[in-house]
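Here are the chains, one letter per residue:
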Amino acid sequence: PELVNQIAAGEVIERPASVVKELVENSIDAGARRVEVDIEDGGARLIRVRDDGGGIEPDDLPLAITSHATSKIASFDDLERVGTLGFRGEALPSIASVSRFALMSRTAGGDAAWRIEVDGGRPLLPKPAQHPVGTVVEVRDLFYNVPARRKFLRAERTEFGYIDELIKSIALARAEVEFRLANNGKPLRLLRPAHGEADIQRRIGDVLGGDFVERSLRVDHAGAGLRLHGWVGLPTASRSQADQQYFHVNGRLVRDRLVAHAVRQAYADVLFHGRHPAFVLFLELDPALVDVNVHPAKHEVRFRESRLVHDFLYRTLDEALSGTRA
Ligand code: ADP
Ligand code: MG
């Protein structure tokens with residue numbers, strides 16, 4: 001089973017940022033309002049994610065780190081309409097198979113916290129511990145037992161950059177959650193939660209830089225069972241912003257060619273002074289109409305009705321941007 005987990009890890013866990021993604025998504029699925037991420041050495045030495053979510057019952061702890069033990073789908077049917085971010089039950093066992101892993105958790109009803117460690121892929125018995133309600137996962141020495149992978153980790157700055165970028169994209173989609181990010185004990189980001197619509201703009205500014213919202217148009221349109229909302233960069237914004245393109249589908253960051261094409265086409269209709277428009281967009285649709293199960297790392301999606309989605313995106317953005325035409 002260790003080999004199986006390590007192979008699964010090869011698919012899901014490419015680098016420290018992949019670990020952070022899985023852990024933070026678990027925190028969000030657990031209803032966390034506050035997520036703290038501590039990194040050492042770009043994640044090569046330590047990745048620690050602490051949340052104030054619902055926690056894990058002591059009896060479920062060994063299960064959580066066992067292959068394909070997800071609490072999020074009960075049947076194959078559920079796969080069709082996953083509302084949560086995780087659903088494969090692969091992340092924790094995969095991560096634990098390629099690191100020195102520890103998890104501590106306490107539920108609101110529980111009178112103690114429990115800690116479980118995984119040593120070279122073997123789970124040790126849970127022990128009582130001290131911890132407030134919520135969960136903390138510690139991942140040390142990522143890939144220490146897979147030298148070929150460890151060798152491919154990039155410089156600390158680069159790996160930390162990926163982590164920071166990931167936290168930003170999640171923080172955009174989950175404005176109601178507080179995020180903290182530190183590297184080597186130095187706090188580098190504190191993203192306060194948004195309270196209400198007006199405050200969401202403040203939060204987006206905190207994540208992307210103060211003038212993002214001023215340089216953008218607000219979009220919010222629903223129809224045909226789809227809703228697109230967010231901000232698109234004004235065509236007159238002179239700077240190219242390839243690094244400020246965020247598209248979320250049902251709360252999940254996505255890189256999708258169909259989406260990119262629809263956006264490009266909408267901008268092609270207006271006089272746009274850059275090459276890469278900035279945007280933060282959220283598409284919401286019935287989860288049954290989108291397949292998020294295309295790739296384990298979950299960056300890709302497949303729309304059941306891709307033509308409909310493409311045209312909806314194009315028309316909505318074209319309409320918004322046409323107001324800016326001279
Ligand atoms: P998945 O998220 O696909 O279900 P994971 O391997 O990421 O699988 O997690 C396994 C299980 O462990 C989850 O289904 C959940 O029940 C539990 N779990 C993991 N992280 C947390 C957390 N931070 N808070 C509460 N429960 C968690
Ligand atoms: Mg998960």
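This is a predicted model, so every value here is computed, not measured.

J.: Could you give an account of the overall build of the protein chain, naming the residues involved and the relevant values?
T.: Check the secondary structure of the protein chain and you find 10 helices and 16 strands. Partitioning the intrachain contacts of the protein chain with sequence separation of at least 6 by distance along the chain shows that 67% fall at a separation of at least 24.

J.: Help me get a handle on unusual backbone geometry, residues and values and all.
T.: Even without being glycine, aspartate 141 reaches a positive phi, approximately 50 degrees. Note that aspartate 141 resides in the loop between β7 (134-140) and α6 (147-150). Judged by local crowding, aspartate 141 falls into the partly exposed class, with 15 C-beta atoms found within 10 Å.

J.: Go over the nonpolar core, please, and point to the residues and values.
T.: If you look at the biggest cluster of nonpolar residues, it comprises 74 residues, and the most contacted ones within it are Val20, Val49 and Ile95. Three or more residues apiece are contributed to this core by two domains, here domain 1 (2-191) and domain 2 (211-322). Discounting residues that sit within four places of it in the chain, valine 20 has contacts with Val37, Gly43, Ile47, Val49, Ile163 and Leu166.

J.: Describe the pairing of strand β1 (residues 34-40), listing the residues and the values that go with them.
T.: Along any regular strand the residues' side chains alternate between the sheet's two faces. Pairing of β1 with strand β8 (residues 178-183), which is carried by 6 bridges, proceeds in the parallel orientation. Across the sheet, residue valine 35 finds its bridge partner in β8, namely phenylalanine 179. Bridging between β1 and strand β2 (residues 46-51) involves 6 bridges; their strand directions are antiparallel. Across the sheet, the residue bridging to valine 37 is valine 49, located in β2.

J.: Give me the packing of helix α9 (residues 257-268) against helix α10 (residues 306-322): which residues, what numbers.
T.: Put simply, α9 and α10 touch, their axes get as near as 8 Å, and they point 30 degrees apart. Between α9 and α10, the interaxial angle falls into the category roughly parallel. Between α9 and α10 lies a crossing of right-handed hand. The residues of α10 that touch α9, namely those facing Leu258, Val259, His261, Ala262, Val263, Gln265, Ala266 and Tyr267, are Ser306, Val309, His310, Leu313, Tyr314, Leu317, Asp318 and Leu321. Along the lines of polarity and charge, the residues of the contact of α9 with α10 split into 11 nonpolar, 4 polar and 1 charged.

J.: Tell me about the environment of isoleucine 47, and please be specific about residues and values.
T.: Following the sequence through the fold, isoleucine 47 ends up in strand β2. By C-beta crowding, isoleucine 47 is classed as buried, having 25 other C-beta atoms within 10 Å. In this structure the C-alpha to C-alpha distance between isoleucine 47 and proline 128, which are 81 residues apart in sequence, comes to 22 Å. Discounting residues that sit within four places of it in the chain, isoleucine 47 has contacts with Pro16, Val19, Val20, Ile39, Val139 and Leu142.

J.: Break down the sheet that holds strand β12 (residues 245-249) for me, with residues and values.
T.: Sheet strands line up and pair through hydrogen bonds in the backbone, either parallel or antiparallel. Read from one edge of the open sheet, 5 strands run β10-β11-β14-β12-β13, paired in mixed fashion. Of all the strands in the sheet, just β10 (216-223) and β13 (252-253) have a single pairing partner and so form its edges. Where β10 lies against strand β11 (residues 226-233), 8 bridges are found, and the strand directions are antiparallel. Following the sheet pairing, alanine 222 is matched in β11 by arginine 227.

J.: I'd like to hear about the packing of helix α2 (residues 16-29) against helix α7 (residues 156-173), residue by residue, with values.
T.: For any two helices packed against each other, one specifies the crossing angle of their axes together with the interaxial distance. Remark: α2 packs on α7, axes separated minimally by 8 Å, with the N-to-C direction vectors making an angle of 25 degrees. Taken together, α2 and α7 sit at an angle that is classed as roughly parallel. Considering the relative orientation of α2 and α7, their crossing is right-handed. Residue-level contacts link Pro16, Ala17, Val20, Lys21 and Val24 of α2 to Glu159, Tyr162, Ile163, Leu166 and Ile170 of α7. The class makeup of the residues in the contact of α2 with α7 is 8 nonpolar, no polar and 2 charged.

J.: Before we move on, could you go through α10 and cite the residues and values that matter?
T.: Compared with an ideal rise of 1.5 Å per residue, which puts 17 residues at 24 Å, α10 spans 24 Å between its outermost C-alpha atoms and is within 8% of the ideal. Taken together, the buried positions of α10 are occupied by Val309, Phe312, Leu313, Thr316, Leu317 and Leu321. Mapping the buried residues of α10 onto a view down its axis gives an arc of 145 degrees, with all of them on the same face. Looking at α10, the residues exposed on the side facing more than 90 degrees away from the buried face are Arg307, Glu319 and Ser322. Against β10, β11, α9 and β16 (302-303) lie the buried residues of α10.

Conventions we followed
Residues numbered from 1 in each chain as written. Chains lettered and ligands numbered in written order. Predicted model: local features only at pLDDT ≥ 70, side-chain atom pairs only at ≥ 80, totals over all residues. Helix = DSSP H or I, 4+ residues; strand = E, 2+ residues; numbered from the N terminus. Contact = placed C-beta atoms within 7 Å. Buried ≥ 20, exposed ≤ 12 C-beta atoms within 10 Å, placed from the backbone. Core = buried A, V, L, I, M, F, W, Y, C linked by C-beta atoms within 7 Å. Domains from an automatic or database assignment. Pairing = 2+ DSSP bridges. Axes fitted to C-alpha atoms, helices over the stretch in contact; angles between N-to-C directions. Parallel < 35°, antiparallel > 145°, perpendicular 65-115°, else oblique. Left-handed = near helix turned anticlockwise from the far one by under 90°. Nonpolar A, V, L, I, M, F, W, Y, C, P; charged D, E, K, R; others polar. Expected span 1.5 Å × (residues − 1). Arc of directions from axis to C-beta.

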